[in-house]
Amino acid sequence: MANSGILIVYFSRTGMTAQVAHELRQALLSRGVRCDLESLEEAGTRRGIRGYLRSALDSILDRRASLLPPDHDPAAYELVVVGTPIWNADVSTPIRTFLRTRGGQLPRLAWFLTYGGSGR
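Heads up: these notes are all about the structure in this document.

## Looking at the overall build of the protein
- For the protein, the helix and strand inventory stands at three helices and five strands.
- If you list the helices and strands of the protein from N to C, you get β-α-β-α-β-β-α-β.
- For 120 residues, the compact-globule estimate of 2.2 N^0.38 gives 14 Å, and the protein sits close to it at 14 Å.
- By its C-alpha atoms, the protein is 40 × 25 × 25 Å across when sized along the principal axes.
- Burial analysis of the protein (120 residues in total) assigns 38% to the buried set.
- Relative to all contacts within the protein whose residues are 6 or more apart in sequence, the contacts with residues 24 or more apart total 78%.
- If you sum the accessible surface of the protein, you get close to 7,000 Å²; carbon and sulfur atoms cover 52% of it.
- In the protein, the 15 positive side-chain charges and the 11 negative ones have mean positions that sit 5 Å from each other.

Encoded structure:
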């Protein structure tokens, strides 16, 4: 049974998506909305140029991420907001993995996307 709160689930390689997630949470809390954050974490790292290249290759090859267990159960919330950077014109590999494994448990879904590259 869903609660009345909102869960913001996000992945951030560079910190940009994390910043947006935290600002969104603060805006919701300031309006009296119960809101929790869930940062998806992986067993490996995506930092630096090796992490960038790994991220691009994972996106191109449609690989799954090795996610650590989450702290929050998305089914316990009225709304789940998913935040992801755009990788190769797609959602990030950790978010794609989350949606494939937990998507059926999401009561309602909203999105925000970040894009820090020099393209569109």
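Here the narrative resumes.
## Points about the pairing of strand β1 (residues 6-10)
- Judged by how many residues are buried, β1 sits mostly within the fold: five of five residues are covered.
- Side chains Ile6, Ile8 and Tyr10 of β1 all project onto a buried face; the interleaved residues Leu7 and Val9 project onto the opposite face, where all are buried too.
- As paired elements, β1 and strand β2 (residues 35-39) share five bridges and run parallel to each other. Considered in β2, the bridge of Tyr10 is made with Ser39.
- Of the crossover connections in this fold, the one passing from β1 over helix α1 (residues 16-30) to the parallel β2 is right-handed.
- Pairing between β1 and strand β3 (residues 79-87): five bridges, direction parallel.

## Here's the deal with the environment of Pro70
- Counting through the fold element by element, Pro70 comes out in the loop between α2 (48-60) and β3.
- Pro70 sits in the partly exposed class, given a relative accessible area of 34%.
- With 58 residues separating them in the primary sequence, Pro70 and Ser12 have C-alpha atoms 15 Å apart.
- Residues in contact with Pro70, not counting those within four places in the same chain, are Glu38 and Arg102.

## Concerning the environment of Tyr115
- Here Tyr115 shows up in the segment after β5 (109-114).
- On the accessibility criterion, Tyr115 (41% relative accessible area) is partly exposed.
- When the C-alpha positions of Tyr115 and Trp87 are compared, they lie 8.2 Å apart, and in sequence the two are 28 residues distant.

## Thoughts on the nonpolar core
- In this structure, Leu7, Val9, Phe11, Leu40, Tyr77, Val80, Val82, Trp87, Val91, Ile95, Phe98 and Leu106 together form the largest nonpolar core, which totals 12 residues.
- At the level of secondary structure, the elements contributing two or more residues to this core comprise β1, β3 and α3 (93-102).
- Looking at this core, the element that brings in the most residues is β3, giving three residues.
- Those residues within four positions of Val80 in sequence are excluded, and the remaining contacts are Leu7, Val9, Pro74, Leu106, Pro107, Arg108, Leu109 and Ala110.
- Grouped together as the second largest cluster of nonpolar side chains are 11 residues, Ile6, Tyr10, Leu28 and Phe112 included.

## A short note on the environment of Met16
- Within the secondary structure, Met16 is located in helix α1.
- When its relative accessible area of 38% is taken as the criterion, Met16 is described as partly exposed.
- Here Met16 is in contact with Thr114, Tyr115 and Gly116, once residues within four sequence places are set aside.

Quick notes on the rules
Residues numbered from 1 in each chain as written. Predicted model: local features only at pLDDT ≥ 70, side-chain atom pairs only at ≥ 80, totals over all residues. Heavy atoms only, no water. Helix = DSSP H or I, 4+ residues; strand = E, 2+ residues; numbered from the N terminus. Rg over C-alpha atoms; globule rule 2.2 N^0.38 Å. Buried < 20%, exposed > 50% of the residue type's maximum accessible area, 1.4 Å probe, protein only. Contact = heavy atoms within 4.5 Å. Areas by Shrake-Rupley, 256 points an atom, 1.4 Å probe, with all protein chains shown as cover. Lys, Arg positive; Asp, Glu negative; His and termini not counted. Charge placed at Lys NZ, Arg CZ, Asp CG, Glu CD. Pairing = 2+ DSSP bridges. Right-handed = clockwise from strand over helix to strand, strands pointing away. Core = buried A, V, L, I, M, F, W, Y, C linked by side-chain atoms within 4.5 Å.

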